[in-house]
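Residue-level structural notes
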Amino acid sequence: MPYGTQSIDEDDIQAVVDVLRSNFLTTGPAVAQFEKKVADYVGAKYAVAVSNGTAALHVACLAAGIKKGDEVITTPITFAASSNCVLYCGGTPVFADIKKDTYNIDPDDIRRKITKKTKAIIAVHFTGQPCEMEEIHAIAREYNLLVIEDAAHALGADYKGKMVGSMSDMTTFSFHPVKHITTGEGGMIMTNSDALYERLSLFRTHGITRDENLLTVNDGDWYYQQLELGYNYRITDIQCALGISQMDKLDLFIENRKKIVRRYNDAFANVEEVVTPYQQEECNSSWHLYVIQVKKRKEIFDKLRAAGIGVNVHYIPVYSFPYYQKHGYDNVHCQNAEKLYENLISLPIHAKLTQSEQDYVIEHVITAVKDC
Ligand SMILES: *Cc1c(COP(=O)(O)O)cnc(C)c1O
């Protein structure tokens, strides 16, 4: 019983087969259709689909112009890609602590971490709960910073009536199989800015363009130019066809996740050993993860794993990894993040989790916390 997994039906399979029989396996019509479908869903002007969520973050940092000497503030309670993307560009990730209740980046600590070198904020909507975007945007306006949302957990979430993906300079999604919808591997960057859209598109494909408005000279119809040092971060039509088909089920997937959350919350409501997730007013989490806090996490984790339950821990504070420790982060401490990490467990949550499987998880969690 995994903590998260994909949910693929016959329509998804047929959509992929149809592309295999078509003329385009990559850079074809399915890519633009998938981009439009996600852009329309979240209410963004532009979307750029790429090979994975990490590539989406990398391209976003490139489009933001992050380079050596620039600092970018993010959270330590995230997947390493959220800060690695800054390192790829030669920039310096700076970690701001999280809030004890929401587990998301603390706007007050963002303020404390701002220097003359700060260029951007990467806000991660941990578990699918939106960060405090009003406060983050206010800080960004005050200090002239770009805001990138790492919304790998938050496709379908909304913040005070605004969909995640519509609000900031750029927002990235991932379509890895554990996320809300999947393309196998895949990612996307959303933006409302014409200029950023142009740069995102360039960096996705080697920095190469055929756009007449961008060429410095034009030798003829065959002509193209490389304007930037970009990458091959393209996604295939095969993947996008799967994504298009999966998008039809996104609301259903999220509804299923919400039902699972309600059952967990009810089951643990009177279990004082279990701290259930923060319920944000005015916002809808898309519930990528269901994380609880428990004392004696290791014993409880081991018991649940021994019972065949695919519990996990999201996340180990990024700066504590040996790579970061060797590269100047050995004195970094975010107290709330470190305390949270000690107690975290992610319980199974995905569209295919059955009620009896969930009952099994609940029963074992309750027994484990009472025994430990
Ligand atoms: C999954 C994830 C990513 C990376 O996405 P990939 O598609 O696996 O490259 C980045 N950030 C967060 C918070 C994630 O959960």
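Residues numbered from 1 in each chain as written. Predicted model: local features only at pLDDT ≥ 70, side-chain atom pairs only at ≥ 80, totals over all residues. Heavy atoms only, no water.

In the annotation of an unreviewed UniProt entry, the entry for the chain reads UDP-4-amino-4, 6-dideoxy-N-acetyl-beta-L-altrosamine transaminase, and the organism field reads Lachnotalea glycerini. Its UniProt record, at the heading Sequence similarities (unreviewed entry), says of the chain: "Belongs to the DegT/DnrJ/EryC1 family." (UniProt positions renumbered as here; feature names shortened; annotations may be inferred.)

Remarks on the domain arrangement of the chain
In many reports, interface size means the accessible area that the parts give up when they come together. According to the domain assignment, the chain contains domain 1 (10-97 + 104-247) and domain 2 (250-371). On a C-alpha basis, the centroid separation for the pair domain 1 and domain 2 is 26 Å. Every contact between the two is made by 34 residues of domain 1 and, on the other side, 31 residues of domain 2. Counting the contacts that link domain 1 with domain 2 gives one salt bridge. Viewed at the interface, domain 2 and domain 1 are joined by 22 residue pairs in polar contact (both at pLDDT 80 or more). At the level of elements, α4 (81-88), β3 (92-95), β6 (158-159) and α8 (237-247) are the ones that each hand at least two residues to the side of domain 1 that touches domain 2. Here the side of domain 1 that touches domain 2 is composed, by residue class, of 18 nonpolar, twelve polar and four charged. (Domains from an automatic or database assignment. Contact = heavy atoms within 4.5 Å. Salt bridge = Lys/Arg side-chain N within 4 Å of Asp/Glu carboxyl O. Polar contact = N/O pair within 3.5 Å; in protein donor to acceptor, adjacent residues only side chain to side chain. Helix = DSSP H or I, 4+ residues; strand = E, 2+ residues; numbered from the N terminus. Nonpolar A, V, L, I, M, F, W, Y, C, P; charged D, E, K, R; others polar.)

Structural notes on a negative patch on the surface
Residues Glu198, Asp211, Glu212 and Asp221 make up a contiguous surface patch of negative charge. Structurally, Asp211 is set in the loop between β10 (208-209) and β11 (225-226). The class of Asp211 is partly exposed, set by a relative accessible area of 33%. (Patch = residues over 30% accessible without salt bridge, like charges linked within 9 Å, V, L, I, M, F, W, Y side chains within 5 Å. Areas by Shrake-Rupley, 256 points an atom, 1.4 Å probe, with all protein chains shown as cover. Lys, Arg positive; Asp, Glu negative; His and termini not counted. Charge placed at Lys NZ, Arg CZ, Asp CG, Glu CD. Buried < 20%, exposed > 50% of the residue type's maximum accessible area, 1.4 Å probe, protein only.)

Describing the packing of aromatic side chains
For the structure shown, the criterion picks out 13 aromatic pairs. Centroid distance Tyr46 to Tyr197: 4.1 Å. Interplanar angle 10 degrees. Geometry classified as stacked. Taken together, the positions of Tyr46 in strand β1 (residues 46-50) and Tyr197 in helix α7 (residues 194-204) put the pair 151 residues apart, joining distant regions of the chain. Through a chain of ring-to-ring contacts, three or more aromatic side chains come together here, namely Phe95, Tyr319, Tyr323, Tyr324 and Tyr329. Positioned over the ring face of Tyr341 is Arg297, at 4.9 Å from the centre of the ring. (Phe/Tyr/Trp six-rings, centres within 6.5 Å; stacked < 30°, edge-to-face > 60°. Lys NZ or Arg CZ within 6 Å of the ring centre and 35° of its normal.)

Considering the sheet that holds strand β9 (residues 187-191)
Sheet strands associate in pairs through backbone hydrogen bonding, adopting either a parallel or an antiparallel arrangement. The seven strands are arranged β1-β9-β8-β5-β4-β2-β3 in an open sheet whose pairing can be described as mixed. If you trace the sheet from one side to the other, it starts and ends with β1 and β3, each paired once. Across the sheet, the axes of successive neighbouring strands diverge by a mean angle of 25 degrees, strand direction being ignored. As paired elements, strand β2 (residues 71-74) and strand β4 (residues 118-124) share three bridges and run parallel to each other. Paired with Glu71 across the bridge in β4 is Thr118. (Pairing = 2+ DSSP bridges. Axes fitted to C-alpha atoms, helices over the stretch in contact; angles between N-to-C directions.)

Quick look at the UniProt feature "active site" (unreviewed entry) in the chain
The UniProt record marks Lys179 with the feature "active site" (unreviewed entry), using the residue numbering of this structure. The topology assignment puts Lys179 in the loop between β8 (170-174) and β9. When its relative accessible area of 15% is taken as the criterion, Lys179 is described as buried. Apart from residues no more than four positions distant in its own chain, Lys179 is found in contact with Ala152, Ser174, Arg257 and His288.

Notes on the pairing of β3
It is a general feature of regular strands that their side chains alternate between the two faces of the sheet. Two elements, β2 and β3, share four bridges in a ladder whose sense is parallel. Each bridged residue has a counterpart across the sheet, and for Ile73 the counterpart in β3 is Val94. For the handedness criterion, the β-α-β arrangement of β2, α4 and β3 is classed as right-handed. (Right-handed = clockwise from strand over helix to strand, strands pointing away.)

Regarding the packing of helix α9 (residues 250-268) against helix α13 (residues 355-371)
Pairs of packed helices are described in terms of their axes, by the angle between the two and the distance that separates them. Direction vectors running N to C along α9 and α13 enclose 30 degrees, while the axes themselves pass 11 Å from each other. Looking at the two axes, α9 sits roughly parallel to α13. Two packed elements cross with a definite hand, and for α9 against α13 that hand is right-handed. In this structure, α9 contributes Ile260, Arg263, Tyr264, Ala267 and Phe268 to the contact, and α13 contributes Gln355, Gln358, Asp359, Val361, Ile362, Val365 and Ile366. Broken down by class, the residue content of the contact of α9 with α13 amounts to eight nonpolar, two polar and two charged. (Parallel < 35°, antiparallel > 145°, perpendicular 65-115°, else oblique. Left-handed = near helix turned anticlockwise from the far one by under 90°.)

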